[in-house]
Amino acid sequence: MAETARLTESRPELDEQEQRELNARLCVLADHSQDHPEVRIKNFVPDVRKSGGAIVEVCGTVKKLVAADGTIVLDDGTVILISDIIEL
């Protein structure tokens, strides 16, 4: 019963302008990832039990950007899918 009462959000869709801005920031991050910059990322985390998910904000230091996997790995081990990023 608690599971059905738990609220989830739908995956947000970025408009064209927001997507361009995010892509530009990702390019800058890729160019400077070897400097291990500090980042604040808002991303969508799908719920494993039901449709939807949650928007989570993570702050940390970039350990590496893995283009082949489409992920950003932070120093604390957090792995973020680039396709799930809403704001950077």
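Parameters at a glance
Residues numbered from 1 in each chain as written. Predicted model: local features only at pLDDT ≥ 70, side-chain atom pairs only at ≥ 80, totals over all residues. Heavy atoms only, no water. Helix = DSSP H or I, 4+ residues; strand = E, 2+ residues; numbered from the N terminus. Buried < 20%, exposed > 50% of the residue type's maximum accessible area, 1.4 Å probe, protein only. Contact = heavy atoms within 4.5 Å. Areas by Shrake-Rupley, 256 points an atom, 1.4 Å probe, with all protein chains shown as cover. Lys, Arg positive; Asp, Glu negative; His and termini not counted. Charge placed at Lys NZ, Arg CZ, Asp CG, Glu CD. Salt bridge = Lys/Arg side-chain N within 4 Å of Asp/Glu carboxyl O. Core = buried A, V, L, I, M, F, W, Y, C linked by side-chain atoms within 4.5 Å.

Undergrad: Could you give an account of the overall build of the chain, naming the residues involved and the relevant values?
TA: In terms of regular secondary structure, the chain is built from 2 helices and 5 strands. Reading the helices (α) and strands (β) of the chain from amino to carboxyl end gives α-α-β-β-β-β-β. The principal-axis extents of the C-alpha atoms in the chain amount to approximately 45 × 30 × 20 Å. Expressed as a percentage of its 88 residues, the buried residues of the chain come to 25%. Excluding contacts between residues fewer than 6 apart, the proportion of contacts in the chain whose partners are at least 24 apart in sequence is 50%. Taken as a whole, the chain presents about 6,000 Å² of accessible surface, with 54% of it coming from carbon and sulfur. Distance from the positive charge centre (10 side chains) to the negative charge centre (17 side chains) of the chain: 5 Å.

Undergrad: Please provide a residue-by-residue account of the environment of V56, values included.
TA: Locating V56 in the fold gives a position in strand β2 (residues 53-66). Exposure remark for V56: the relative accessible area of 32% places this residue in the partly exposed category. Each C-alpha atom of the pair V56 and N43 lies 5.5 Å from the other, and the pair is 13 residues apart in sequence. Among residues more than four places away in sequence, those in contact with V56 are I41, K42, N43 and V45.

Undergrad: A description of the pattern of salt bridges should follow, citing residues and the corresponding values.
TA: Going through the model one piece at a time under the given rule, you end up with 4 salt bridges. Two residues, R20 and E16, come together in a salt bridge whose shortest N-O distance is 2.9 Å. Here R20 pairs with E16, and both are found in helix α2 (residues 16-32), just 4 residues apart, close to one helical turn. The class for R20 is partly exposed, based on a relative accessible area of 45%. Its salt-bridge partner being E87, residue R40 comes within 2.9 Å of it at the nearest N-O pair.

Undergrad: Which residues make up the nonpolar core, and what values go with them?
TA: Residues L22, L26, L29, V39, I41, V58, V62, I72, L74, I80, I85 and L88 constitute the largest nonpolar core, which totals 12 residues. Per-element accounting of this core gives the leading share, 3 residues, to α2. If we ignore the near neighbours within four places in the chain, the residues touching I41 are V56, E57, V58, I72, I80, I85, E87 and L88.

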